[in-house]
2 protein chains.
Amino acid sequence: MVDSKDNRQTLIHCALELFSKKGFDGTSTAEIVDAAGVTKPTMYHYFGSKEGLLADVLSIYYGSFLDALAKAVTLPEDIPLTFFRLAKVYFDTAQENVAFFRFRAGLTLRDGEDTAYIAAKKYIAEESRIITDFFDKAAQHIGNIRGKETLCTISFIGTINATISAYLQSGNEALISDETIYRLRQQFLYGIYS
Amino acid sequence: MVDSKDNRQTLIHCALELFSKKGFDGTSTAEIVDAAGVTKPTMYHYFGSKEGLLADVLSIYYGSFLDALAKAVTLPEDIPLTFFRLAKVYFDTAQENVAFFRFRAGLTLRDGEDTAYIAAKKYIAEESRIITDFFDKAAQHIGNIRGKETLCTISFIGTINATISAYLQSGNEALISDETIYRLRQQFLYGIYS
DNA sequence: ACATTTGTATACCGCTCGGTATAATAGAAG
DNA sequence: CTTCTATTATACCGAGCGGTATACAAATGT
């Protein structure tokens, strides 16, 4: 309508919004095109299928999220600062893009043959790889996490996700404040398994 | 067939199995009754609707899980032992009932209007309440977690879930061993935010 | 001015979905 | 043997699903 050529972007945005609320299987193509103010052929023109739309949604939102994560670990020699930047990317992205993190939350711990999970699998693996790499490098400088890299990675992602999930449900921004990051950093880099 | 009156139990079992693999919305009633070796009217005779079946699945499996959790915190004066029992319930249940924990994992961090999430909401809240109660009581005896009960609860559930999720994906039983519990206990009761 | 490409709308399709009307069956009680 | 109740099967339904054939409008290049 007003935005002449933005139908593609609008569709991606509306799809994410609906997927995050009702799940991929729970959202119909009719709902998506209604929300976007277009018709079905328009959607199929751009994305070919409902799964194609999902793939583009994941590519765009996961893509920039993972880019930010990867950028945060480009200076791994300063471990505490990198840890802060890493957690900050999570919290900032969650705050800026609630719908994406809500959708991501429903996917993160998932497993099985669920359509959305299968499509998101590669991104989840990539995220895990970035965090694992960080803790592997951190273990070279900080003795007391050596040998516990795997557990650190699992625990870090789990705690971050649970914290963000609690924030999304409560709206309490204190949960994702810098202070929380300081505490987590203390816990993970120095206080862990001590 | 052989089991004359077990159709009800068989249906619940098969439904859980399918829900955990393909999600609630992704599983059709036809698939469920096929897997159970019965027909649709049988299912509707027992459960009234697909959501009724879901409600019974959740009630049975979440029910016994939450009972075990509640039982584990009945002696809260011995905090370290209670912590061990609590984590043990998670790990043991996950090991004994993979399908339930797989299904639960997809629900835990969820939010929104998803059918399965709405049905599971009360159980998730009850679980959270049990853990919160534990850390509240623990804070009365252990100084350095005082004031951080909420964060402890979030971090505990998040770490446990992420650990179990990693176990479910890898099959590596070392992840949910007693040794992991000892490490987590050390981290949560004494090493945290120190 | 005109052909071509790109994007959008109307109207529709086949299929699968959750759910049901009806009736046959089996076991228990008398 | 009969009757009643609980359980199961056959066959089907309307609705909504993902997806599309067709045609038209609006730019774009020449």
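In the block above lies the structure referred to throughout.
Residues numbered from 1 in each chain as written. Chains lettered and ligands numbered in written order. Predicted model: local features only at pLDDT ≥ 70, side-chain atom pairs only at ≥ 80, totals over all residues. Heavy atoms only, no water.

A.B. asks: Which residues make up the protein's contact with DNA strand C, and what are the values?
C.D. replies: By nearness alone, 16 residues border DNA strand C, and A:Asn7, B:Thr29, B:Lys40, B:Tyr44 and B:Lys50 come closest of all. Backbone sugar and phosphate groups make up 58% of those atoms of DNA strand C lying within 4 Å of the protein. Between B:Lys40 and DNA strand C, the recorded distance is 2.7 Å, taken from a side-chain N or O atom to a base oxygen. Listed by contribution, the elements that provide at least two residues to the surface near DNA strand C are helix 3 (40-47) of chain A together with helix 3 (40-47) of chain B. When residues of the surface near DNA strand C are assigned to their parent elements, the largest contribution, four residues, is made by helix 3 of chain A. Looking at the surface near DNA strand C residue by residue, the classes come out as five nonpolar, nine polar and two charged. (Near = heavy atom within 4 Å. Polar contact = N/O pair within 3.5 Å; in protein donor to acceptor, adjacent residues only side chain to side chain. Helix = DSSP H or I, 4+ residues; strand = E, 2+ residues; numbered from the N terminus. Nonpolar A, V, L, I, M, F, W, Y, C, P; charged D, E, K, R; others polar.)

A.B. asks: Break down the relation of the copies chain B and chain A for me, with residues and values.
C.D. replies: By a simple turn and slide, chain B fits onto chain A: the slide is 0.0 Å along the axis, the RMSD is 0.0 Å, and the turn is 180 degrees. Seen this way, the second copy is the image of the first under a two-fold rotation axis. Looking at chain B, 100% of its interface residues are interface residues in chain A too, so the copies touch through the same face. (Least-squares fit on C-alpha atoms with pLDDT ≥ 70 in both. Contact = heavy atoms within 4.5 Å.)

A.B. asks: Can you lay out the pattern of salt bridges for me, pointing to particular residues and giving the numbers?
C.D. replies: Residues and elements named next belong to chain A. Taken as a whole and judged by the stated rule, the model has 16 salt bridges over all chains. A salt bridge links aspartate 178 to lysine 88; its shortest N-O distance comes to 2.7 Å. Taken together, the residues span a long stretch of sequence, with aspartate 178 in helix 9 (residues 178-190) and lysine 88 in helix 5 (residues 79-96) at a distance of 90 residues. A salt bridge links aspartate 133 to arginine 129; its shortest N-O distance comes to 3.1 Å. Taken together, the positions of aspartate 133 and arginine 129, both in helix 7 (residues 115-141) and four residues apart, correspond to about one turn of that helix. (Salt bridge = Lys/Arg side-chain N within 4 Å of Asp/Glu carboxyl O.)

A.B. asks: Break down the protein's contact with DNA strand D for me, citing the residues and quoting the values.
C.D. replies: In the vicinity of DNA strand D lie 16 residues, with A:Thr29, A:Tyr44, A:Lys50, B:Asn7 and B:Tyr46 positioned nearest. Within 4 Å of the protein, atoms of DNA strand D come from sugar and phosphate in 57% of cases. Between DNA strand D and B:Asn7 there is a distance of 2.2 Å, counted from a phosphate oxygen to a side-chain nitrogen or oxygen. B:Thr39 places a side-chain nitrogen or oxygen 3.2 Å from a phosphate oxygen of DNA strand D. Of all the secondary structure elements, the ones that give two or more residues to the surface near DNA strand D are helix 3 of chain A together with helix 3 of chain B. Here the surface near DNA strand D gets four residues from one element, more than from any other, and that element is helix 3 of chain B. Split into classes, the residues belonging to the surface near DNA strand D amount to five nonpolar, nine polar and two charged.

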